[in-house]
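Close look at the chain arrangement
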Amino acid sequence: MSGTRMQVVEEEYEVKQMKDMAAARKRWEALVRDGKVKVLTPREAGYAIQLSNKTLLDVRPTSERQKAWVKGSTWVPIFDVDDRLDPGTISRKVTDFMMGGWWSGVPTLSYDKRFLSKVEEKFPKDTDLILACQKGLRSLAACELLYNAGYENLFWIQGGLEAAEEEDLERDGPQPFKLAGIGGLSEFLGWTDQQRAAAAKEGWGYRLVFSARLVGLFLVADALFLGAQQVGRYLQDLRSP
């Protein structure tokens, strides 16, 4: 019964999240449609940073920021990796992992309640701020918070940093912008859309790396299976009189 109740609670939570996201998208679209938040492509954002000295505010979590970031940008994550170890958070982490986190590598994130105050500590309300995240959604959420707090010179990078070509923005970090949001087994095997696009440009050398990883994964799985069989036979022999 307790398991059934927990499943019902989780399903209700997911439904509520979907409804909340749909309502949020409508509000964000209205901000853009009414001109309260100006839209920039990644290339336009690069020009704005270079020519008019606008500030880029990176609101991505640590897991994405540490892979690639715009040189000279300011980092204040609106959501960040949840490192708490209380029962509720651990349950969420297990659920997220089982629901696809093992494949995508996306960690469990939590909203930073001090996001607005951190931005206010760094920037006055009349600052021209260009907001960016990896895909464009979290930065829109940040735009809404900042606009409601009195920031009116807000610019949003449509499509996020993932939509940027390498020449659009000056990059620091070990990976291209397009690969900063991937992870998990899908990244290891090279099976993400971003890696497929990179493979089409780089050619066979790039593909062979991930083909070798796939073969290696099968060999490891096979070795573990054979090892488990051997251990099973050994334990069976020990039990035999």
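Criteria and cut-off values
- Residues numbered from 1 in each chain as written.
- Predicted model: local features only at pLDDT ≥ 70, side-chain atom pairs only at ≥ 80, totals over all residues.
- Heavy atoms only, no water.
- Helix = DSSP H or I, 4+ residues; strand = E, 2+ residues; numbered from the N terminus.
- Buried < 20%, exposed > 50% of the residue type's maximum accessible area, 1.4 Å probe, protein only.
- Contact = heavy atoms within 4.5 Å.
- Areas by Shrake-Rupley, 256 points an atom, 1.4 Å probe, with all protein chains shown as cover.
- Axes fitted to C-alpha atoms, helices over the stretch in contact; angles between N-to-C directions.
- Parallel < 35°, antiparallel > 145°, perpendicular 65-115°, else oblique.
- Left-handed = near helix turned anticlockwise from the far one by under 90°.
- Pairing = 2+ DSSP bridges.
- Right-handed = clockwise from strand over helix to strand, strands pointing away.
- Core = buried A, V, L, I, M, F, W, Y, C linked by side-chain atoms within 4.5 Å.
- pLDDT = per-residue confidence, 0-100.
- Salt bridge = Lys/Arg side-chain N within 4 Å of Asp/Glu carboxyl O.

For the protein, an unreviewed UniProt entry supplies the name Rhodanese-like domain-containing protein 11, chloroplastic isoform X2 and the organism Sesamum indicum.

A closer look at the overall build of the protein
Of regular secondary structure, the protein possesses 9 helices and 9 strands. A buried classification covers 32% of the 241 residues belonging to the protein. Nonlocal contacts in the protein, meaning residues at least 24 apart in sequence, comprise 67% of its contacts between residues at least 6 apart. A total of about 14,900 Å² of accessible surface is found on the protein, and carbon and sulfur atoms cover 59% of it.

Describing the packing of helix H5 (residues 115–122) against helix H6 (residues 137–148)
Taken N-terminus to C-terminus, the directions of H5 and H6 make an angle of 65 degrees; their axes are 11 Å apart at the nearest point. The angle between H5 and H6 places the two elements in the roughly perpendicular class. Both H5 and H6 take part in a crossing whose hand is right-handed. Where H5 approaches H6, its residues Phe-115, Leu-116 and Val-119 are matched on the opposing element by Ala-142, Leu-145 and Leu-146.

A look at the pairing of strand S8 (residues 154–157)
Alternating positions in S8 separate into two faces, Leu-154 and Trp-156 on one and Phe-155 and Ile-157 on the other, with burial throughout. One ladder, built from 4 bridges, connects strand S1 (residues 37–40) with S8; its direction is parallel. Within S8, the residue paired with Lys-38 across the bridge is Phe-155. Relative to S8, strand S7 (residues 129–132) runs parallel, the two being bridged by 3 bridges. Residue pairing in the sheet places Leu-131 in a bridge with Trp-156 of S8. For the segment spanning S7, H6 and S8, crossover handedness is right-handed.

A word on the nonpolar core
Of all hydrophobic cores here, the largest spans 22 residues; its most connected members are Leu-57, Val-59, Phe-115, Val-119, Leu-129, Leu-131 and Leu-146. Secondary structure elements with two or more residues in this core: helix H1 (2–33), H5, S7, H6 and S8. Ranked by residue count, the leading element in this core is H6, at 5 residues. Filtering out sequence-adjacent residues up to four positions away, Leu-57 remains in contact with Thr-74, Val-76, Val-119, Phe-123, Leu-129, Ile-130, Leu-131, Ala-132 and Leu-146. One finds Leu-40, Ala-45, Ala-68 and Ala-180 within the second-largest nonpolar core, a separate group that totals 15 residues.

Digging into the confidence of the model for the protein
Averaged over all residues, the pLDDT of the protein equals 82, while 74% of them reach at least 70. Mean pLDDT in the protein bottoms out at helix H9 (residues 204–239), which sits at 60, and peaks at S7, which reaches 98. Of the regions scoring below 50 in pLDDT, residues 6–10 engages in 1 contact with residues more than four places distant in sequence or in other chains.

As for the pattern of salt bridges
Scanning the entire structure with this criterion turns up 14 salt bridges. Lys-71 serves as the salt-bridge partner of Glu-170, at 3.6 Å between the closest nitrogen and oxygen. One end of the pair, Glu-170, is in the loop between S8 and strand S9 (171–172); the other, Lys-71, is in the loop between strand S3 (69–70) and strand S4 (74–75), and 99 residues separate them in sequence. The partly exposed category is assigned to Glu-170, whose relative accessible area is 48%. In this structure Lys-71 comes out as partly exposed when scored by relative accessible area, which is 47%. Linked by salt bridges that have partners in common, Arg-43, Glu-167 and Asp-168 make up one network.

Concerning the sheet that holds strand S2 (residues 55–58)
Strand order in the open sheet formed by 5 strands is S1-S8-S7-S2-S4, and the pairing between neighbours is parallel. The open sheet is flanked by S1 and S4, the only strands paired with a single partner. Inspection of the sheet shows S2 paired to S4 by 2 bridges, in the parallel sense. Across the sheet, Asp-58 pairs through a bridge with Trp-75, a residue of S4. Helix H2 (residues 42–52) rests against S1, S2, S7 and S8 of the sheet, and its axis sits at about 105 degrees to S1.

Details of unusual backbone geometry
With a phi close to 60 degrees, Asn-53 is a non-glycine residue in the positive phi region. In this fold, Asn-53 is placed in the loop between H2 and S2.

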